[in-house]
Amino acid sequence: MSTGKSSVPQHVAIIMDGNGRWARRHGWPRLKGHQEGAQSLQAILRACRTAGVKYLTVYAFSVENWIRPKAEINGLMALLRKFLRDQEHELHEHQVRLRMIGRMEDLPAAVQKELSRVIAATAQHTGGQLILALSYGSRAEIAAAARRIAAAVQAGRLRPEEITEQTVAANLYAPDVPDPDLLIRTSGEMRVSNFLLWQISYAELYVTDVLWPDFREAEFNRALASYAQRQRRFGGVK
Ligand code: FPP
């Protein structure tokens, strides 16, 4: 098993939290916080390129976020479409593949259409991957994997005793993506909020009080520097 020799994480996952608090502190509407948060995402995507991080997974909308006020949900969905339009050129230029994890079917039709288009258009890119978690919940993901495995057993393609950790991992939303090495959470909350629970088993955690709209390249590099100091043991000894 790898002893985590590389000082640059291959895969960084981020819980982008604090847009609302950032807006409130400035006396602006919450949506302004999300807009500024989208700018942070663009900046961090560029910073990943510079640093050599190959996979970036961001928690953009959780299954639980649907209970937010309709106006905020609509604003976030419009922002997502704008983000896709604004980013497409850059994704192609740097050969970045866009993917999504989550319940695609929950998203408004116009978002599904735009998202599917950009996902298909970038599917062959090999320069890195941007993975948007949208209507995502880790328990929902694991339950969906369990349903697929049960169906395979029922169809006689798999025996219960053949089910291993690899079987579960292979039935998650993006099975070919390596597990995150580093999980960043902004705005200080010490929780993982139903994000990639299976995949972060051995991830290093980095929590900062900086609010997501203020989290730009310098803050990201601070997180990478902290990661580079860690001794990853994966349950073994040094
Ligand atoms: C958490 O802040 C953030 C979200 C629920 C949405 C994340 C969305 C973005 C960063 C916008 C850009 C993303 C894309 C893909 C266009 P919060 O609203 O929970 O903040 P609070 O906890 O301070 O209220």
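Above this text is the structure in question.
Since the structure is predicted, the reported quantities are computational estimates derived from the model, not experimental observations. (Residues numbered from 1 in each chain as written. Predicted model: local features only at pLDDT ≥ 70, side-chain atom pairs only at ≥ 80, totals over all residues. Heavy atoms only, no water.)

Draft legend 1. Fine view of helix α4 (residues 109–121). Here α4 spans 18 Å end to end across 13 residues, near enough to the 18 Å set by a 1.5 Å rise per residue. Taken together, the buried positions of α4 are Val 111, Glu 114, Leu 115 and Val 118. The arc that holds the buried residues of α4, viewed along the axis, is 95°, so those residues lie on one side. The exposed residues of α4 that point more than 90 degrees off its buried face are Ala 109, Lys 113 and Ala 120. (Helix = DSSP H or I, 4+ residues; strand = E, 2+ residues; numbered from the N terminus. Expected span 1.5 Å × (residues − 1). Buried < 20%, exposed > 50% of the residue type's maximum accessible area, 1.4 Å probe, protein only. Arc of directions from axis to C-beta.)

Draft legend 2. Expanded view of the site of the ligand. In the vicinity of the ligand lie 18 residues, with Asp 17, Gly 20, Arg 21, Arg 30 and Arg 68 positioned nearest. One nitrogen or oxygen atom from the side chain of Arg 30 is found 2.8 Å from an oxygen atom belonging to the ligand. The contact in question runs from an oxygen atom of the ligand to an N or O atom on the side chain of Arg 68, over 2.8 Å. For the ligand, whose accessible area on its own is 620 Å², the fraction buried by protein is 91%. Elements with a contribution of two residues or more to the shell around the ligand: α1 (19–26), α2 (30–51) and α3 (70–93). Grouping the amino acids of the shell around the ligand by side-chain chemistry returns eight nonpolar, six polar and four charged. (Near = heavy atom within 4 Å. Polar contact = N/O pair within 3.5 Å; in protein donor to acceptor, adjacent residues only side chain to side chain. Areas by Shrake-Rupley, 256 points an atom, 1.4 Å probe, with all protein chains shown as cover. Nonpolar A, V, L, I, M, F, W, Y, C, P; charged D, E, K, R; others polar.)

Draft legend 3. Inspection of the side chain of Glu 204 at higher detail. Residue position: Glu 204 is located in strand β6 (residues 204–207). Under the relative-accessibility criterion, Glu 204 is labelled buried at 16%. At 3.0 Å, the side chain of Glu 204 forms a polar contact with the side chain of Arg 230. Residues contacting Glu 204, with those up to four places away along its chain left out, are Asp 181, Leu 182, Leu 183, Tyr 227, Arg 230 and Arg 232. (Contact = heavy atoms within 4.5 Å.)

Draft legend 4. Broad picture of the packing of α2 against α3. Running from N to C, α2 and α3 point in directions that differ by 25°, and their axes come no closer than 10 Å. Judged on the interaxial angle alone, α3 and α2 are roughly parallel. Here α2 runs over α3; the crossing is right-handed. Side by side, α2 and α3 meet where Arg 30, Leu 31, His 34, Gln 35, Ala 38, Leu 41, Gln 42, Leu 45, Arg 46 and Arg 49 of the first sit next to Glu 72, Gly 75, Leu 76, Leu 79, Phe 83, Asp 86, Gln 87, Glu 90 and Leu 91 of the second. Grouping the constituent residues of the contact of α2 with α3 by class yields eight nonpolar, five polar and six charged. (Axes fitted to C-alpha atoms, helices over the stretch in contact; angles between N-to-C directions. Parallel < 35°, antiparallel > 145°, perpendicular 65-115°, else oblique. Left-handed = near helix turned anticlockwise from the far one by under 90°.)

Draft legend 5. Highlighting the side chain of Arg 99. Tracing the sequence through the fold places Arg 99 in strand β3 (residues 96–101). Looking at Arg 99, its side chain comes within polar contact range of the side chain of Gln 129, at 2.9 Å. Residues contacting Arg 99, with those up to four places away along its chain left out, are Ile 119, Gln 129, Leu 130, Ile 131, Leu 132, Ala 174, Asp 176 and Val 177.

Draft legend 6. Layout of the sheet that holds strand β2 (residues 55–62). Strand order in the open sheet made by the six strands is β3-β4-β2-β1-β5-β6, with parallel pairing throughout. With partners counted over all chains shown, the strands left at the sheet margins are β3 and β6, one partner each. When the angles between neighbouring strand axes are averaged without regard to direction, this sheet yields 20°. In this structure, strand β5 (residues 182–185) lies alongside β6, joined through four bridges in parallel fashion. Each residue of the ladder has a partner; that of Ile 184, found in β6, is Tyr 206. Together, β1 (11–15), β2 and β4 (128–136) form the strand contacts of α2, whose direction differs from that of β2 by roughly 165°. (Pairing = 2+ DSSP bridges.)

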